[in-house]
Each structure stands twice: as C-alpha cells, then as structure tokens.
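Observations on chain architecture
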Amino acid sequence: MIDVVCWKEQKREDSTIACRLQVHYTDQRRVKTVLKELQEWKESGSGFNPRKKESLLIFTRNFPNDGKWRSFLKSFPYKITEKTPTGKEKVYNAKKVIG
C-alpha cells in the first residue's frame, strides 16, 4: 500500500508557496511509479517505521501561487490527501489507489 499526504508549509515573501509531500510505502517496486511523478520535487528526508514495516520519503517544492498548487493536487495521477493547518483533510483522486 502507498499513502501520499501533502501540506502547504508557508507562504514566502515573494508570494510563492512552499509545500511538502510525504510518501508512505511498503513495496519498493510500486513506489517507483509515484516517484516518476515527483521528478520536479526535491527529496528532503526519509525514514522507516519498524512497527508498520513502512518506509517514508519527504519531498519539498515551491509553487508560484495557490492556483498552481491546487492544479498539481487535482492532476496528480494517484490518491493524495492534503492536510490543512487546522487538521482537516481533503482527498483528491480517491479512486486512483496504488496497491
């Protein structure tokens, strides 16, 4: 199973938006399909949860404005969950689940 979660981190002085995306996965082969879609993103961290036997990767990318961020979320070819600062979640592409 692969789970993709993302959030806006901050607005910058030049009005660009810094965003983070976190990929949780257990199958190394299937995660490659997601990584192909994230070529414009910069990997900024990784980890492993031994209890769930789950790896995770964290990516960062700046978007010029909120519209471009939303466009990315809607066009992402797999299920992706956006978390807001208030703890709410919005799911995009719910039917496009991987694994």
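As a reminder, the structure under discussion sits directly above these lines.
Here's what I pulled together on the structure shown here. (Residues numbered from 1 in each chain as written. Predicted model: local features only at pLDDT ≥ 70, side-chain atom pairs only at ≥ 80, totals over all residues. Heavy atoms only, no water.)

Looking at the overall build of the chain
Here is the rule: In this description a helix means any DSSP run of H or I spanning at least four residues, a strand means any run of E spanning at least two, and both kinds are numbered starting from the N terminus. In this treatment the radius of gyration is a C-alpha quantity, and the globule benchmark scales as 2.2 Å times the residue count to the 0.38 power.
The helix and strand inventory of the chain stands at 2 helices and 6 strands. Along the chain direction, N to C, the helices and strands of the chain fall in the order β-β-α-β-β-α-β-β. Over its C-alpha atoms the chain spans a radius of gyration of 13 Å, differing by no more than 12% from the 13 Å that the globule rule assigns to 99 residues. In terms of principal-axis extent, the alpha carbons of the chain reach across some 40 × 30 × 25 Å.

Structural notes on helix α2 (residues 66-75)
Our working rule: In this scheme, a residue with accessible area under 20% of its type's maximum is buried, one over 50% is exposed, and one in between is partly exposed, where area comes from a 1.4 Å probe on protein chains only. Taking the helix axis as origin, the arc is that swept by the directions to the C-beta atoms. Contacts: residue pairs with any heavy atoms within 4.5 Å of one another. Residues adjacent in sequence count toward polar contacts only when both atoms are side-chain atoms; beyond that, a polar contact is any pair of N or O atoms within 3.5 Å, and within protein one must be able to donate a hydrogen and the other to accept it.
When α2 is considered as a whole, its buried residues turn out to be W69, F72 and L73. The buried residues of α2 occupy one face: seen down the axis, they fall within an arc of 100 degrees. More than 90 degrees from the buried face of α2, the exposed residues found are K74 and S75. On its buried face, α2 is in contact with β1 (2-11), β2 (17-25), β4 (54-63), β5 (80-83) and β6 (89-92). With a side-chain oxygen positioned 3.0 Å from the backbone nitrogen of G67, the residue opening α2 is N65.

Here's the deal with the pattern of salt bridges
So the rule is basically this: By definition, a salt bridge exists where a carboxyl oxygen of Asp or Glu is found within 4 Å of a side-chain nitrogen of Lys or Arg.
Counted according to the given criterion, the structure contains 8 salt bridges. Of the charged contacts in the structure, one is a salt bridge between R29 and D27, with a shortest N-O distance of 3.7 Å. According to the relative accessible area criterion, D27 is buried, its value standing at 19%. Between R70 and D66 there is a salt bridge, with the nearest N and O atoms lying 3.8 Å from each other. With R70 and D66 both in helix α2 and 4 residues apart, the pair spans about one turn of that helix.

Looking at the packing of aromatic side chains
A ring pair, where both rings are aromatic, is described by two values, the distance of the centres and the angle of the planes. The criterion, for reference: Ring pairs shown here join Phe, Tyr and Trp side chains whose ring centres sit within 6.5 Å, with only the six-membered ring taken for Trp; geometry is labelled stacked below 30 degrees between planes, edge-to-face above 60, and tilted in between.
Inspection of every chain in the model, using the stated rule, returns 7 aromatic pairs. Look at W41 and F72: their rings are 5.2 Å apart centre to centre, the planes differ by 50 degrees, and that puts the pair in the tilted class. Pair noted here: W41 is in the loop between α1 (28-37) and β3 (42-49) and F72 is in helix α2, with a separation of 31 residues, a long-range link. In this pair, the class of W41 matches that of F72, namely buried. Taking the centre distance of 5.4 Å and the plane angle of 65 degrees together, the rings of F63 and W69 count as edge-to-face. The exposure class of W69 is buried, given its relative accessible area of 0%. Here the aromatic cluster, defined as three or more aromatic residues joined through ring pairs, consists of W41, F63, W69, F72, F76 and Y78.

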